[in-house]
Amino acid sequence: MAGSGKCRDYLFDNCKAFLIILVVMGHFMEPSYQDNSLLYVLKWFIVSFHMPAFIFISGYFSKRELSVTALIQKLAVPYLVYEVLYYLLYTCIIHKPTKLYLLMPKFSLWYILALLIWRLITPYVKKIPHHLILSVAAGLLIGCVDMPSNFLSIPRILVFYPFFLAGMYCKRDSITSLRNHTSRIIAAAGSAGFLAFLIFSNGYRDLPVKIFYGRYNYDYLGQDMITGILCRIVCYGIGAFMTYALLILMTERKIFCSYIGTRTMAIYLFHGLTYSWLKGSTDILENVNTIPEALLLIAFCICLTGIYSIPQLTSFTNKVASLHLPGQSVSHLSGYHMAIFRVVFYPKA
């Protein structure tokens, strides 16, 4: 995490606070954005960069290599715990038919699995010449493959991996040097221009917003291979520029919501449970049709972010990340537990 100890880096805390609000909003407007002009523009704006920026920041704070056992404890065990929580929510409360598909992450849990895989493979990927360019190529080519879109979240893991690598290679001094007057003008003008394009142009409205999701292949999106690759290159460019703009324009000072940036994991997990319950048990999210209703939904998302930033929930997620596997210290995994881990995460190994 940014600025651990006596001196926090509030630039990243503020960025993460802003981004987690966008994540919550982006999910809750999913059922109704196509029938609401405000939500339609906002949905496109959010999904164009919120995950690339979040993943870039995750990469930035993943420079220190962790052992496999540490990664299992911090990411694999929480992933399994939260998969069970979602399974219980779906089956016991929403009564949605499902199974405990550990290889097919439910809702937003793909991100935890992606972090685990990125951190496991990156020490080896870094040894490959031109690996950053190759990661971009992999993200483009995976769109040509017809495979189950949610199996181990492989498409999204490959599509967003370049942003994780870019974050790992980014240095704080480089960001500081870019935060000058000229860069701020470029970042502000570019962001405003992109938002104006979304508001006033009809040129993109024939495209599905899912082009930014990283989950779907080109055929599913109604694109041929060449069109799909070119479209994804544009998506990469937008995500990269908007991430740059966020880092340039965000304040470095401690502000009233900076603390939220230190509690994003709890918000990320628990808002998904709330969304899944509302979407599965009511039709309220499908009937946000007017501008006032859209504004009310946005306000609700902001309030929900604040509610789920309470320290008790962050304490819970921290405790889950400190759990040991049953009957054995993580640092002394038995062959039995390691076999289970390999079956779950490396079924073809």
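In case you missed it, the structure is sitting above this.
Here's what I pulled together on the structure shown here. (Residues numbered from 1 in each chain as written. Predicted model: local features only at pLDDT ≥ 70, side-chain atom pairs only at ≥ 80, totals over all residues. Heavy atoms only, no water.)

## Things to note about the overall build of the protein chain
Within the protein chain, the regular secondary structure consists of 14 helices and 0 strands. When the elements of the protein chain are put in sequence order from the N terminus, they spell out α-α-α-α-α-α-α-α-α-α-α-α-α-α. On C-alpha atoms alone, the protein chain measures out to a radius of gyration of 20 Å, which is about the 20 Å that the 2.2 N^0.38 rule sets for 349 residues. If you line up the protein chain on its principal axes, its C-alpha atoms span 60 × 50 × 45 Å. Counting across all 349 residues of the protein chain, residues that qualify as buried make up 50%. Of all intrachain contacts in the protein chain linking residues separated by at least 6 positions in sequence, the fraction that spans at least 24 positions is 80%. Taken as a whole, the protein chain presents about 16900 Å² of accessible surface, with 67% of it coming from carbon and sulfur. Treating the 29 positive side-chain charges of the protein chain as one cloud and the 15 negative ones as another, the clouds have centres 12 Å apart. (Helix = DSSP H or I, 4+ residues; strand = E, 2+ residues; numbered from the N terminus. Rg over C-alpha atoms; globule rule 2.2 N^0.38 Å. Buried < 20%, exposed > 50% of the residue type's maximum accessible area, 1.4 Å probe, protein only. Contact = heavy atoms within 4.5 Å. Areas by Shrake-Rupley, 256 points an atom, 1.4 Å probe, with all protein chains shown as cover. Lys, Arg positive; Asp, Glu negative; His and termini not counted. Charge placed at Lys NZ, Arg CZ, Asp CG, Glu CD.)

## Considering the environment of Ser309
Summarising the element assignment, Ser309 is placed in the loop between α12 (291-307) and α13 (311-320). Taking the relative accessible area as the measure of exposure, Ser309 reaches 1% and is therefore buried. Sequence separation of Ser309 and Asp35 is 274 residues, and the distance between their C-alpha atoms is 30 Å.

## Brief notes about the nonpolar core
With 104 residues, the main nonpolar core has Met25, Phe28, Ile55, Tyr111 and Trp118 as its most contacted residues. If one sorts the elements of this core by residue count, helix α1 (residues 10-28) sits on top with 12 residues. Beyond its immediate stretch of four places on either side in the chain, Trp118 contacts Ile55, Tyr111, Arg156, Ile157, Phe160, Tyr161 and Phe164. (Core = buried A, V, L, I, M, F, W, Y, C linked by side-chain atoms within 4.5 Å.)

## Some words on a nonpolar patch on the surface
A cluster of nonpolar residues, Met225, Ile226, Leu230 and Ile233, forms a patch on the protein surface that exposes about 390 Å² of accessible area. Inspection of the secondary structure assignment puts Ile233 in helix α10 (residues 225-249). (Patch = residues over 30% accessible without salt bridge, like charges linked within 9 Å, V, L, I, M, F, W, Y side chains within 5 Å. Salt bridge = Lys/Arg side-chain N within 4 Å of Asp/Glu carboxyl O.)

## Comments concerning the environment of Ala166
Mapped onto the secondary structure, Ala166 falls in helix α7 (residues 154-169). A sequence separation of 145 residues divides Ala166 from Pro311, and the C-alpha atoms of the two residues are 31 Å apart. Non-local contacts of Ala166, meaning those with residues more than four positions away in its chain, are made with Phe56 and Leu132.

## Looking at helix α2 (residues 37-47)
Of all the 11 residues making up α2, 9 are buried; the element is thus mostly covered by neighbouring parts of the structure. By the burial criterion, the buried members of α2 are Leu39, Tyr40, Val41, Leu42, Lys43, Trp44, Phe45, Ile46 and Val47. Contacts from the buried residues of α2 go to α1, α3 (50-60), α9 (181-200), α10 and α12. For α2, the N-terminal capping position is held by Asn36, with its side-chain oxygen 3.1 Å away from the main-chain nitrogen of Leu38. (Polar contact = N/O pair within 3.5 Å; in protein donor to acceptor, adjacent residues only side chain to side chain.)

## Description of unusual backbone geometry
Within the chain, Phe107 stands out as a residue other than glycine whose phi angle is a positive 50°. Considering the arrangement of structural elements, one finds Phe107 in the loop between α4 (68-94) and α5 (110-125).

## Describing the layout of surface pockets
Put simply, the second largest pocket is a space of about 870 Å³. As for the second largest pocket, its lining consists of 30 residues, and the residues nearest its centre are His27, Phe107, Arg156, Arg215 and Tyr275. Elements represented by at least two residues in the lining of the second largest pocket include exactly α1, α2, α3, α4, α7 and α11 (264-281). Counting residues per element, the lining of the second largest pocket draws most heavily on α11, at 5 residues. (1 Å grid on protein atoms, 1.4 Å probe; cavity = no way out; pocket = protein on both sides within 12 Å on 5 of 7 lines; lining within 4 Å. Points joined across faces, edges and corners; volume = space filled by probe spheres on them.)

## Describing the packing of aromatic side chains
Evaluated as defined, the whole model comprises 29 aromatic pairs. Residues Tyr60 and Phe61 carry aromatic rings whose centres are separated by 4.9 Å and whose planes lie at 90° to one another, so their mutual orientation is edge-to-face. With a centroid separation of 5.2 Å and 20° between ring planes, the pair formed by Phe107 and Tyr275 is classed as stacked. Of the two residues, Phe107 sits in the loop between α4 and α5 while Tyr275 sits in helix α11, which places them 168 residues apart along the sequence. Since its relative accessible area comes to 6%, Tyr275 is described here as buried. Here the aromatic cluster, defined as three or more aromatic residues joined through ring pairs, consists of Phe28, Tyr86, Tyr90, Phe107, Tyr275 and Phe300. Over the face of the ring belonging to Tyr90 we find Lys96, whose NZ or CZ atom lies 4.7 Å from the ring centre. (Phe/Tyr/Trp six-rings, centres within 6.5 Å; stacked < 30°, edge-to-face > 60°. Lys NZ or Arg CZ within 6 Å of the ring centre and 35° of its normal.)

## Digging into the state of the cysteines
Two cysteines form a disulfide when their sulfur atoms are joined by a covalent bond. Summed over the entire model, instances satisfying the criterion amount to 0 disulfides. The cysteine Cys144 is free of any disulfide, with Cys231 supplying the nearest cysteine sulfur at 13 Å. With no disulfide partner, Cys170 has as its closest neighbouring cysteine sulfur the one in Cys15, 11 Å distant. (Disulfide = S-S within 2.5 Å.)

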